[in-house]
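What follows is the residue order along each chain.
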Amino acid sequence: MTEYSDEILDSSAMSSTDRNGRPIPVTIPIALAPGITVVYTTRLGGLSTGDYGNLNLGGKSGDDPEAVLSNRIALSEAIHAPLSLVSQVHSGIAVDIDEPGHESNTEFGFDASGTHGEEPSTVIEADGQVTSRPDIALGMFAADCLPVLMADPETGIIGAAHCGRRGLERGIIGATVELMQSKGADPSRIIATLGPRICGDCYEVGDEIADTFIKRFPLTKTQTRFGGAGIDIAEAAMIDLAFAGVHQVVDSMPRVHAATEYLEEDAELAELCRTDGEGPAELAERIGNISRSTCTLENPLWYSHRRAALAGKTHEGRLLALIVRH
Ligand SMILES: [Zn+2]
C-alpha cells in the first residue's frame, strides 16, 4: 500500500552542507499517501556534539541552543516546510494548530515547545497536533516513545501523536483522531504509520507497571531481552487506533530497514558508534545485532533514552517524526 519513492534517504550518505554551511539532516522519508510525506530524522547531519551528536532537535535536555536552532532550520529547509513544535508532556491532549495564534514565530516555523533559545511567548503543552493546512510539518519529538503519524488523504487533514506509556494510557491516540474527525476527517479513510520506538523486547518496565498497562491494553506485556517484564507500546497504539476506527496502518519498517542497510558503511554513523559508548564500537556489529530496525534502542540511527541511560548517561538527543502535506 505504501508508495515508496526511489530515494531511501532524503540526503546524501556523505556529510554535506546546505548553502548556509549547515550540515544537511539525514532523514528517512515515507510516502504515506499521494502528496503526504512522513519524515523521520536520524542522528546524522547536524551540529550537535557529544552525547547529543549530531542531529538533536529537542531543546529540553541541555544541548547547546544554537546547535538545536541550526539543526531545526536545516531540517525545515531540507523538507521544504516550516515546522510546528509543541511542548510534549505525556498528556492525552491534542491541539488544532490552525487556530489563531499558531503562526510562525521562529526562523524554522511555529515553536510552542518552550525550548527555543529566545523563548517565544507561546508554550503549548500537548502530545497531539492536527492541521488541515498544506506545507506545514507537524513534528513530534521522541527518543524511545512512539510517534504516530496520520492522514486523511481525501480532506488533506493530517495529525501527529507522541505516544509514550503515559500518553497512551491517557488516550492521546483517541484524542488526536477525534480532533481530526472534528475538522472533517473520516477515521475509515485515515492512513496511519508508526514511527521509530523502543520495541517490546527492549522496553523493560517491571511487573507493576506492565500489569497496570495491560488493564488498558490487553496482551501487550512482554518478557524483555534483559529478562524482566516489559510492554509493547506499538501494540498498544494499534489497539487504540482500531478503537478509534483507524484500520489502515502502513508499515514504516521496510523503508527504515533499507535505509539502515544503506548506512551500513556510513562514515558519520561509524564515528558516532565509535565514540558514543552506547554499544559495540564497530558499526557493522551494531547493525548485525539489530532485530528490528525501527527499535530506537537497537538501531544506532536513532536517539534512545533507554540506551543512553544504560550507558550511564544523564541526557540524550531527540529525533523528530514529522508529517507534511505538500
Ligand atoms: Zn528493540
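Before any of the text, the structure's been laid out above.
Counting restarts for each chain, with residues numbered from 1 along the sequence as it is written. The model is predicted, so local features are restricted to residues of pLDDT at least 70 and side-chain atom pairs to those at 80 or more, both for listing and for counting; the totals for chains, interfaces and linings are taken over all residues. Computation of side-chain values covers all heavy atoms of the structure but excludes hydrogens and water.

Undergrad: With reference to specific residues and values, describe the packing of aromatic side chains.
TA: In this description, an aromatic ring pair is defined by two values, namely the gap between the centres and the angle between the planes. Working definition: a ring pair exists when centres of Phe, Tyr or Trp rings (six-membered ring for Trp) sit within 6.5 Å. Plane angles under 30 degrees give stacked, over 60 give edge-to-face, the rest tilted. With the rule as written, the count across this model stands at 2 aromatic pairs. Relative to Trp302, the ring of Tyr40 lies with its centre 6.4 Å away and its plane at 85 degrees, an arrangement referred to as edge-to-face. Linking Tyr40 in strand β2 (residues 36-41) with Trp302 in the loop between α8 (283-288) and α9 (305-310), this pair joins segments that are 262 residues apart in sequence. In this pair, the class of Tyr40 matches that of Trp302, namely buried. Between Phe213 and Phe217 the ring centres are 4.9 Å apart and the planes differ by 35 degrees, which places this aromatic pair in the tilted class. Here the term buried applies to any residue with accessible area under 20% of the maximum for its type, exposed to any over 50%, and partly exposed to those in between, with areas from a 1.4 Å probe on protein chains only. Classification of Phe213 as buried rests on a relative accessible area of 0%. Helix and strand assignments come from DSSP, with helices taken as H or I runs of at least 4 residues and strands as E runs of at least 2, each series counted from the N terminus.

Undergrad: A description of the coordination of the zinc ion should follow, citing residues and the corresponding values.
TA: Within the protein, the atoms that donate to the zinc ion are Cys199 (SG), Cys202 (SG), Cys295 (SG) and Glu298 (OE), at distances of 2.0 to 2.3 Å. In this description, a donor is an N, O or S atom within 2.8 Å of the metal centre, a cutoff extended to 3.2 Å for sodium, potassium and calcium. Water is not part of the atom list, which can make sites seem incomplete. Every angle between 85 and 135 degrees makes a four-donor site tetrahedral, while opposite donors more than 155 degrees apart, with all other angles between 65 and 115, make a four-donor site square planar and a six-donor site octahedral; other sites are irregular. If you look at the zinc ion, its 4 donor atoms make angles of 102 to 117 degrees with each other, and the shape they trace is tetrahedral. Positions of the donor residues of the zinc ion along the chain correspond to the pattern C-x2-C-x92-C-x2-E. Note that Cys202 is positioned in the loop between β10 (191-194) and α4 (207-216) and Cys295 in the loop between α8 and α9, a separation of 93 residues in sequence. Taking the relative accessible area as the measure of exposure, Cys202 reaches 0% and is therefore buried.

Undergrad: Account for the sheet that holds strand β9 (residues 157-163), with residues named and values stated.
TA: Paired strands are those between which DSSP finds at least two bridges. An order of β4-β6-β9-β8-β10-β13 is seen for the 6 strands of this open sheet, with the pairing classed as mixed. In the strand order of this sheet, the two ends are held by β4 (94-96) and β13 (248-250), each with one partner. Going from strand to strand, the sheet's axes swing by 20 degrees on average, the running direction of each strand aside. Bridging between β4 and strand β6 (residues 128-131) involves 3 bridges; their strand directions are parallel. Residue Val95 lies in a different strand from β6, and its bridge partner there is Gln129. Here a residue-residue contact requires only that any non-hydrogen atoms of the pair lie within 4.5 Å. All axes here are fitted lines through C-alpha atoms, helices being fitted over the stretch that makes contact, and every angle between N-to-C directions spans 0 to 180 degrees. Each of β4, β6, β8 (146-152) and β9 is contacted by helix α3 (residues 172-182), which is oriented at about 165 degrees to β9, the strand it contacts most. Helix α5 (residues 233-243) rests against β8, β9, β10 and β13 of the sheet, and its axis sits at about 30 degrees to β8.

Undergrad: Break down the pairing of β2 for me, with residues and values.
TA: Of all 6 residues that make up β2, 5 are buried, and the element is covered over most of its length. Pairing analysis gives 6 bridges linking strand β1 (residues 27-33) to β2, with the strands arranged antiparallel. Across the sheet, the residue bridging to Thr27 is Thr41, located in β2. The sheet contact formed by β2 and strand β14 (residues 319-325) spans 5 bridges and is antiparallel. Looking at β14, one finds that Tyr40 is bridged to Ala321.

Undergrad: Just give me the short version of the environment of Thr27, but keep the residues and values in it.
TA: Along the polypeptide, Thr27 turns up in strand β1. Between the alpha carbons of Thr27 and Leu9 there is a distance of 5.9 Å; along the sequence they are 18 residues apart. Setting aside anything within four residues of it in sequence, one finds Thr27 in contact with Leu9, Asp10, Val39, Tyr40, Thr41 and Leu75.

Undergrad: Pulling in residues and values, what's your account of the sheet that holds strand β3 (residues 83-86)?
TA: Pairing in this open sheet of 6 strands is mixed, and the strands run β1-β2-β14-β7-β3-β5 from one edge to the other. Taken across any chain shown, the strands that pair with only one partner, and hence form the sheet edges, are β1 and β5 (109-112). Between one strand axis and the next, the sheet turns through 20 degrees on average, direction left out of account. One ladder, built from 4 bridges, connects β3 with β5; its direction is parallel. Looking across to β5, one finds that Leu83 is bridged to Gly109. Set on the sheet, helix α1 (residues 65-78) makes contact with β1, β2, β3, β5, β7 (137-142) and β14; between it and β3 the angle comes to about 135 degrees.

Undergrad: Tell me about helix α6 (residues 253-262), residues and numbers included.
TA: For α6, every residue scored as buried is listed here: Arg255, Val256, Ala259 and Thr260. Projection of α6 onto a plane perpendicular to its axis shows the buried side chains occupying an angular sector of 135 degrees, all on one side. Looking at the buried residues of α6, the elements they touch are β1, β2 and α8. Relevant arc is that of directions from the helix axis to the C-beta atoms, nothing else.

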